[in-house]
Amino acid sequence: MAMSKLTDRFGRTVNYVRLSVTDRCDFRCVYCMAEEMTFLPRQQVLTLEEIARVAKTFVSLGTEKIRLTGGEPLVRKDILELVREIGTYGLRDFAMTTNGSQLPAMAEKLREAGLKRLNISLDSLDAQKFASITRTGKLSQVLDGIDAARDAGFEGIKLNTVVMKGGNDHEVPDLIEFARKKNVNITFIEEMPLGEISERDRGQALCTSDEVRDIVGQHHELIPTAEDSGGPARYYRMSDSPIKVGFISPHSHNFCSTCNRVRVTVEGRLLLCLGNEHSVDLRRVLRGHPVTDDKLRQTIIDSMDLKPERHHFSSNGDVQILRFMNMTGG
Ligand code: SAM
Ligand code: SF4
């Protein structure tokens, strides 16, 4: 695999790209979307060919890991074709983040198409609570999806749980037992202030990773690991289970100094930081005349100069970023 040719002003190497393949979703999770959403018109959205071209260009610049996300990546039509194409690029890691609702029908096909790992969001094991958090989601479908993913033989499956105080924090012990039983990793996420959601007071809902770790610690010993994904998660092991327990803490622990990633929105905006608006319009390059691979490569290389040193999320619920998570590619 080529060494990454993407290094920013702070000496960080970028070798991980998260591609949002749609802004649409079959769920309306309260922390992610408003109940009524207006989605992008089709012509503003990158075609699958354009997304593949961006992916291939990043790989030529040394990217070793690609994650497809959204919105809900599995509601994008012909997503399997894109997975199959990117699956031929020889990536060290190729993953997807999904809400799991389509996995009963798609898990095996995704695995066959070359996807290596799955992150599946699961905020509650209580059907009513699950329905109230996701607004339109059905728990049983997602649980079936998790089983289908296990049967399909992925290299890794991880559950993602956004923990909300007074919302689902009391379910942390049950979620841990569930992950242990299913033998899948689990990561607890602090809610991030992305997108203005009028019905929601984010400051009030924040449950910090330290608080969640204390809850888990009352039931199981957590053994810190030195494992570094280059990202925001810190991982722990358990003495009596092979699973890993992760914590993503944009508020309470700043992870920017080891950041190795960039994101591309479904409109082709290359975002240099989750918590800042610095971006470059790749769609303009992709749709310009003539489009050359060299031009796309050079635009990406030059964009590294824009990667900011750190984000500045605050925990008082103020929204600093106007993009919704479904636009950003969580
Ligand atoms: N639809 C897929 C899913 O839910 O897994 C992929 C996209 S979703 C935006 C990716 C992840 O971001 C999910 O695990 C979701 O829980 C998380 N997420 C969404 N909005 C968030 C927010 N405001 N703060 C923290 N995590 C958030
Ligand atoms: Fe959809 Fe994922 Fe956002 Fe929930 S978190 S609304 S599943 S994109």
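One can find the structure itself at the top, above this paragraph.
Residues numbered from 1 in each chain as written. Chains lettered and ligands numbered in written order. Predicted model: local features only at pLDDT ≥ 70, side-chain atom pairs only at ≥ 80, totals over all residues. Heavy atoms only, no water.

Student: Account for the overall build of the protein chain, with residues named and values stated.
Tutor: Within the protein chain one finds 11 helices and 12 strands. Taken over 330 residues, the protein chain has a buried fraction of 58%. The long-range share in the protein chain, meaning contacts at least 24 apart out of those at least 6 apart in sequence, stands at 73%. (Helix = DSSP H or I, 4+ residues; strand = E, 2+ residues; numbered from the N terminus. Buried < 20%, exposed > 50% of the residue type's maximum accessible area, 1.4 Å probe, protein only. Contact = heavy atoms within 4.5 Å.)

Student: Please set out helix H10 (residues 293–303) residue by residue, giving values where relevant.
Tutor: Turning to H10, its buried residues are Leu296, Thr299, Ile300 and Ser303. Down the axis of H10, the buried side of the element spans an arc of 95°, and every buried residue falls inside it. Taken together, the buried residues of H10 touch helix H1 (48–60), strand E11 (269–271), strand E12 (279–281) and helix H9 (282–286). (Arc of directions from axis to C-beta.)

Student: Give me the pairing of strand E4 (residues 117–121): which residues, what numbers.
Tutor: Sheet analysis places strand E3 (residues 93–98) next to E4, joined by four bridges and oriented parallel. Bridging across to E4, Thr98 finds its partner in Ile120. The parallel pair E3 and E4 is bridged by helix H3 (residues 103–112), and the resulting crossover is right-handed. Strand direction decides the pairing type here: E4 and strand E5 (residues 156–163), joined by five bridges, are parallel. When the sheet's bridge partners are listed, Ile120 is paired in E5 with Leu159. (Pairing = 2+ DSSP bridges. Right-handed = clockwise from strand over helix to strand, strands pointing away.)

Student: Quick one: what's the story with the sheet that holds strand E7 (residues 223–224), residue by residue and with numbers?
Tutor: A sheet is described by the order of its strands in space; here 12 strands give the open sequence E7-E8-E9-E6-E5-E4-E3-E2-E1-E10-E11-E12, paired in mixed fashion. The strands lining the two open edges of the sheet, one partner per strand, are E7 and E12. Here strand E1 (residues 16–20) pairs with strand E2 (residues 65–69) via five bridges, running parallel. Paired with Ser20 across the two strands is Thr69, which belongs to E2. Here helix H2 (residues 79–86) sits on the sheet in contact with E1, E2 and E3, set at roughly 175° to E2. (Axes fitted to C-alpha atoms, helices over the stretch in contact; angles between N-to-C directions.)

Student: Pulling in residues and values, what's your account of unusual backbone geometry?
Tutor: Cis peptide bonds are those with omega within 30 degrees of zero, and the linkage from His289 to Pro290 qualifies with -10°. Relative to the elements of secondary structure, Pro290 occurs in the loop between H9 and H10. With phi around 65°, Asp78 is a residue other than glycine that occupies positive phi space. Assignment of secondary structure puts Asp78 in the loop between E2 and H2. A positive phi angle, close to 60°, is found at Asn183, a residue other than glycine.

Student: Tell me about the nonpolar core, and name the residues and values.
Tutor: Leu19, Leu68, Ile86, Leu110 and Phe188 are the most contacted members of the largest nonpolar core, which totals 95 residues. The greatest single-element share of this core, amounting to seven residues, is contributed by H1. Here Phe188 is in contact with Thr161, Val163, Val172, Ile176, Val212, Val216, Val245, Gly246, Phe247 and Ile248, once residues within four sequence places are set aside. (Core = buried A, V, L, I, M, F, W, Y, C linked by side-chain atoms within 4.5 Å.)

Student: Any details on the site of ligand 2? Residues and values, ideally.
Tutor: All residues adjacent to ligand 2 are Cys25, Phe27, Arg28, Cys29, Cys32, Met33, Gly71 and Asn99. Considering only residue class, the shell around ligand 2 consists of five nonpolar, two polar and one charged. (Near = heavy atom within 4 Å. Nonpolar A, V, L, I, M, F, W, Y, C, P; charged D, E, K, R; others polar.)

Student: Could you give an account of the side chain of Asn119, with specific residues and numbers?
Tutor: Of note, Asn119 is situated in strand E4. The buried category is assigned to Asn119, whose relative accessible area is 5%. Other than its neighbours up to four places away in sequence, Asn119 contacts Arg67, Met96, Thr97, Thr98, Lys158 and Asn160.

Student: Outline the pattern of salt bridges, supporting the account with residue identities and numerical values.
Tutor: Oppositely charged side chains can form a pair if their charged atoms are brought close together. In this structure the tally under the stated criterion is 13 salt bridges. We note a salt bridge from Arg287 to Glu50, for which the minimum N-O separation is 2.8 Å. Of this pair, Arg287 sits in the loop between H9 and H10 while Glu50 sits in helix H1, and the two are 237 residues apart along the sequence. Taking the relative accessible area as the measure of exposure, Glu50 reaches 13% and is therefore buried. Residues Asp293 and Arg53 are paired through a salt bridge, measuring 2.9 Å at the closest nitrogen-oxygen approach. A residue pair is termed long-range when its members are at least 10 positions apart, and Asp293 in helix H10 and Arg53 in helix H1 qualify at 240 residues. Owing to a relative accessible area of 28%, Arg53 belongs among the partly exposed residues under this scheme. Through salt bridges with shared partners, a single ionic network connects Lys65, Asp93 and Arg117. (Salt bridge = Lys/Arg side-chain N within 4 Å of Asp/Glu carboxyl O.)

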